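One-letter residues, chain by chain:
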Amino acid sequence: MTAAVNHASWRARVWLALGVFSFLVLLIVSPDSWLHCTWDHHDSAWFFTCGKAWMSGMVPYDDYADSKGPLLWLIYGIGYLISPHDFHGVFWLSCIFYTATFYLCYKIALLFLDDGPRSLLASMGMAVFFFFPGIHYEVRAEDFALLFSAAALYHAFRLSCQHDMDNHAFACASWWIGVCLASTALIKYNITAMLLAPAVVVVLQCIRCGQRWWQPLWRIVAGAAVVIVPFVAYMLAVGCFDDFVREYFINTLATLGNNKYRMLDAVGMIATHHGMATYLVLVLASVVTAFFTLRRGRLLPLLMFAWYLLIIVRNAKWTYYYASLSLFAIFGVIALVSVISSKRTAVVATAFAAVAIPAALGGIMYLDPSVAWYNSHSEQQADFNRCIEAMKQVNRPRVLYYNMNGSYDVPVDGLPACRYWASQNGSTAEMDSIQVSAIANGDADFVFMLPSSPMNERIDTTRYERMDSHCPEIMTMYKKK
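In this report, the structure presented in the accompanying data block is examined. Nothing here was measured: the structure is a model prediction, and the numbers come from that model.

1. Examining the nonpolar core
F102, F130, F131, Y322, M391 and F448 are the most contacted members of the largest nonpolar core, which has 155 residues in total. Looking at this core, the element that brings in the most residues is helix 4 (residues 88-113), giving 16 residues. The contacts of Y322, once residues within four sequence positions are left out, are I135, A266, M269, I270, M276, Y279, L280, L309, I312, V313 and A316.

This is the structure:
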């Protein structure tokens, strides 16, 4: 009884420590926190508007669309309900997600270290890779999907290391693999393709230990159904399931084809991006370390890392695509932590890391002039405030970002003016034409576009008037007459 109580008490302390640590790290590195400006958001502003539109009664994939899944929009929609005029609600949700992600890293480390304090230290050390400078800036789809990737890897390694090998472990792993596959499929489905690797490992381990092949498979399907069925039922009820298939699968693949990205481009990006090269070398070194130090399943991290990398480089136009590889750094961190032999030393090192890691990440970000802290970039902030004051004159204005995206709609509770209210990379001719029609019809109360866009000459002759800007080289703003 005493051992069980002590275990529960320690686990509660681990959760509390990782919760506080997640808050401190995200307070510094996340643009969603109070230390950063609202205007400095890109993809995350897009997701926020999608979630806001959904919570405001608009029909997803019909009234508004993007290349991401409904679970991501639901997360941002809940964030909007918590704090409607900024990203602080999303910040709190990201703290919850990262606390759980760090806890799963703790559980993975515990498989190999079999020691609570050192495993906690290893978990905190993963923040260096999750928020590696040059790879991570915004909290976006990859961050929220990281939780499900960590869960899938934990169960794959747990079975491979033959910890707690009983029927409950097999059933639990299979169910959670299904949940993780479905959750990532409803966020960004190329991440689901990555999770096929740990899924295969779980199925093979179940078969190897005497289960029939269909036993893990039906549990995976059942776990996936728990996540997918409510979303499908909702979309069928409101009549947008066909729109979902069109936008999330057909049109997303079309935009990817229009991007003209080649896999060889990844080589050039890595070669010219020193931060990217350093990050990949460190993660690869961690996987190689696993090969030489693990007693069982030593090939698994290397094979899964190779599979993740193969999926990523097929469309890795931006550095943050590589963020999904960060979990494999756990083996390098475990190797470093394993040299600590004293429990007291591990506790002191953990307390130091809890402060030093957020401070170090913040110091590196502070040296980056592009980071928009709350008290920096005064000219851009003044321009943003001017736009917001003008937009406040219209109740819940309809907003359109022509060939761009932005966060001007966030403080004023603005909504999409049309299905493609913001421009996706590689947008199709139909997407562009719907934007042009919305401008011609005056569907938007406010239109934003890049100063270099040829549309500036056309829109000046329509029902919109150009507004003065403090930063005309950044964007041009139009208000309906």
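2. Describing the packing of aromatic side chains
What the rule picks out here adds up to 41 aromatic pairs. Consider the rings of F102 and F130, whose centres lie 5.5 Å apart with planes at 50 degrees: the pair is tilted. Of the two residues, F102 is situated in helix 4 and F130 in helix 6 (residues 127-130); the sequence distance between them amounts to 28 residues. The residues F102 and F130 share a single accessibility class, namely buried. The interplanar angle of 75 degrees and the centroid separation of 5.0 Å between the aromatic rings of Y189 and Y248 together place this pair among those described as edge-to-face. Here Y189 is found in helix 9 (residues 189-208), whereas its partner Y248 is found in helix 11 (residues 241-258), with 59 residues between them in sequence. A residue is classified by how much of its surface remains accessible, and Y189, at 25% relative accessible area, is partly exposed. On the basis of relative accessibility, which here comes to 1%, the residue Y248 falls in the buried class. Here the aromatic cluster, defined as three or more aromatic residues joined through ring pairs, consists of Y61, Y64, W73, Y189, F241, F244, Y248 and F249. Across from the ring centre of Y321, 4.1 Å away, lies the NZ or CZ of K188, which sits over that ring. Just above the ring of F291 sits the side chain of R298; from NZ or CZ to the centre is 5.5 Å.

3. Some words on the pattern of salt bridges
Evaluated as defined, the whole model comprises 12 salt bridges. With a closest N to O distance of 2.9 Å, R246 and E247 form a salt bridge. Its relative accessible area of 2% is what places E247 among the buried residues. Between R386 and D383 there is a salt bridge, with its nearest N and O atoms 3.5 Å apart. Of the two residues, R386 and D383 both sit in helix 17 (residues 378-391), three residues apart, roughly one turn of that helix. Looking at D383, the relative accessible area reads 2%, which means it is buried. Through salt bridges that share partners, D43, E138 and R140 make up one connected network.

4. Some thoughts on the side chain of H136
Mapping H136 onto the fold places it in the loop between helix 6 and helix 7 (141-160). By relative accessible area, H136 is classed as buried at 12%. Of the polar contacts made by the side chain of H136, one reaches the side chain of D143; its length is 2.7 Å.

5. Examining the sheet that holds strand 4 (residues 464-467)
The five strands are arranged 2-1-3-5-4 in an open sheet whose pairing can be described as mixed. Looking along the sheet, the strands with just one partner apiece sit at the ends: strand 2 (415-416) and strand 4. Where strand 1 (residues 398-402) lies against strand 3 (residues 446-449), four bridges are found, and the strand directions are parallel. Paired with V399 across the bridge in strand 3 is F446.

6. Examining the environment of A224
Turning to its location among the elements, A224 is positioned in helix 10 (residues 214-238). By relative accessible area, A224 is classed as buried at 16%. Sequence separation between A224 and G178 is 46 residues; the distance between their C-alpha atoms is 4.3 Å. Not counting residues within four places of it along the chain, the set of residues in contact with A224 comprises G178, V179 and A182.

7. Describing a nonpolar patch on the surface
On the surface, a cluster of nonpolar side chains totalling about 900 Å² of accessible area is made up of W175, V200, L204, I207, W213, W214, L217, W218 and V226. In terms of residue count, helix 10 provides more of the nonpolar patch than any other element does, four residues in total. Mapped onto the secondary structure, V200 falls in helix 9.

8. Here we look at the pairing of strand 3
Residues F446 and F448 line one face of strand 3 and the alternating positions V447 and M449 line the opposite face, and both faces are buried. Judged from the four bridges that link them, strand 3 and strand 5 (residues 476-480) form a sheet pairing that is antiparallel. Considered in strand 5, the bridge of M449 is made with T476.

9. Looking at the pairing of strand 5
By the criterion of burial, strand 5 is predominantly enclosed, with four of the five residues buried. In terms of strand pairing, strand 4 meets strand 5 through four bridges, oriented antiparallel. Bridge pairing in strand 5 links E465 to K479.

Cut-offs used in this document
- Residues numbered from 1 in each chain as written.
- Predicted model: local features only at pLDDT ≥ 70, side-chain atom pairs only at ≥ 80, totals over all residues.
- Heavy atoms only, no water.
- Core = buried A, V, L, I, M, F, W, Y, C linked by side-chain atoms within 4.5 Å.
- Buried < 20%, exposed > 50% of the residue type's maximum accessible area, 1.4 Å probe, protein only.
- Helix = DSSP H or I, 4+ residues; strand = E, 2+ residues; numbered from the N terminus.
- Contact = heavy atoms within 4.5 Å.
- Phe/Tyr/Trp six-rings, centres within 6.5 Å; stacked < 30°, edge-to-face > 60°.
- Lys NZ or Arg CZ within 6 Å of the ring centre and 35° of its normal.
- Salt bridge = Lys/Arg side-chain N within 4 Å of Asp/Glu carboxyl O.
- Polar contact = N/O pair within 3.5 Å; in protein donor to acceptor, adjacent residues only side chain to side chain.
- Pairing = 2+ DSSP bridges.
- Patch = residues over 30% accessible without salt bridge, like charges linked within 9 Å, V, L, I, M, F, W, Y side chains within 5 Å.
- Areas by Shrake-Rupley, 256 points an atom, 1.4 Å probe, with all protein chains shown as cover.

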